[in-house]
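One-letter residues, chain by chain:
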Amino acid sequence: MAHVLIVDDERIVSQSLEIQLQRLGHTVLAIASTGEEAVDYALRLRPDIVLMDIMLRGEIDGVEAARRIRARMHIPVIFATACSDPETFARAKATEPIGYLVKPFGKDELQHALRPALDREI
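Residues numbered from 1 in each chain as written. Predicted model: local features only at pLDDT ≥ 70, side-chain atom pairs only at ≥ 80, totals over all residues. Heavy atoms only, no water.

(A) Representation of the side chain of Ser14 in the model. Position of Ser14 relative to the elements: it lies in helix H1 (residues 11-23). Apart from residues lying up to four places away in sequence, Ser14 is in contact with Ile6, Asp8 and Ile31. (Helix = DSSP H or I, 4+ residues; strand = E, 2+ residues; numbered from the N terminus. Contact = heavy atoms within 4.5 Å.)

Structure representation (structure tokens):
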């Protein structure tokens, strides 16, 4: 199973996601609440997959954090977001994510989104 970095600035969302991932047999290495934290954790912990919210507090959003992570390491990113406007989607697409999850989502959608990363990377 996968070692996952969760990036979401809503504590209740990240905790719920952590529980879902653990129930699916994955290990959550860390939970970041800002883009800066996400980049730092990714570089230090080297997760198998990053589950990244697009809208984050801090200087950089999830799209920029994903771009920085992907520029330095080839870690698959799955965007988990409620944000779906065309401009943001275009920016996110440019980072070559392995998938998207639109909030709210359930265990089945999460498992389905993880499958390509697990098949390809782990």
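(B) Spotlight on the side chain of Asp8. Relative to the helices and strands, Asp8 is located in the loop between strand E1 (3-7) and H1. Reaching out from Asp8, the side chain makes a polar contact with the side chain of Lys103 at a distance of 2.6 Å. Leaving out residues up to four positions away in the same chain, Asp8 has contacts with Val13, Ser14, Ala32, Ser33, Asp53, Leu56 and Lys103. (Polar contact = N/O pair within 3.5 Å; in protein donor to acceptor, adjacent residues only side chain to side chain.)

(C) Geometry of the packing of helix H2 (residues 35-45) against helix H3 (residues 62-72). One can describe the packing of H2 onto H3 by two numbers: an axis separation of 9 Å at closest approach and a directional angle of 20°. In terms of their interaxial angle, H2 and H3 are classed as roughly parallel. You can see that H2 and H3 cross each other, and the crossing is right-handed. Only Ala65, Arg68, Ile69 and Arg72 of H3 make contact with H2, whose side of the interface consists of Gly35, Ala38, Val39, Ala42 and Leu43. Of the residues in the contact of H2 with H3, the class split is six nonpolar, one polar and two charged. (Axes fitted to C-alpha atoms, helices over the stretch in contact; angles between N-to-C directions. Parallel < 35°, antiparallel > 145°, perpendicular 65-115°, else oblique. Left-handed = near helix turned anticlockwise from the far one by under 90°. Nonpolar A, V, L, I, M, F, W, Y, C, P; charged D, E, K, R; others polar.)

(D) Expanded view of the pairing of strand E4 (residues 77-81). The element E4 is largely enclosed, with a buried count of five among its five residues. Judged by which residues are buried, E4 turns out to be covered on both faces: Val77, Phe79 and Thr81 on one side and Ile78 and Ala80 on the other are all buried. Pairing of strand E3 (residues 49-52) with E4, which is carried by three bridges, proceeds in the parallel orientation. Its bridge partner lying in E4, Met52 is registered against Phe79. (Buried < 20%, exposed > 50% of the residue type's maximum accessible area, 1.4 Å probe, protein only. Pairing = 2+ DSSP bridges.)

(E) The arrangement of H3 in detail. Of all the positions in H3, only Gly62, Val63, Glu64, Ala65, Ala66, Ile69 and Arg70 are classed as buried. Where H3 begins, the side chain of Asp61 points an oxygen toward the backbone nitrogen of Val63, at a separation of 3.2 Å.

(F) Spotlight on the environment of Ile49. Summarising the element assignment, Ile49 is placed in strand E3. Assessed through its relative accessible area of 0%, Ile49 is described here as buried. For the pair Ile49 and Val28, spaced 21 residues apart in sequence, the C-alpha to C-alpha distance is 9.8 Å. The contacts of Ile49, once residues within four sequence positions are left out, are Ala2, His3, Val4, Leu5, Ile75, Pro76, Ile78, Leu114, Ala117 and Leu118.

(G) Representation of the pattern of salt bridges. Taken as a whole and judged by the stated rule, the model has seven salt bridges. As a salt-bridge pair, Lys103 and Asp8 come within 2.6 Å of each other at their nearest N and O atoms. Residue Lys103 is found in the loop between strand E5 (99-102) and helix H5 (107-121), and its partner Asp8 is found in the loop between E1 and H1; the two are separated by 95 residues along the sequence. A single burial state applies to Lys103 and to Asp8, both of which are buried. Between Glu64 and Arg68 there is a salt bridge, and its shortest N-O distance comes to 2.9 Å. A residue pair is termed a helical-turn pair when its members lie 3 or 4 positions apart in one helix, as Glu64 and Arg68 do in helix H3 at four residues. On the basis of relative accessibility, which here comes to 18%, the residue Glu64 falls in the buried class. Connected through shared salt-bridge partners, Asp8, Asp53 and Lys103 make up one network. (Salt bridge = Lys/Arg side-chain N within 4 Å of Asp/Glu carboxyl O.)

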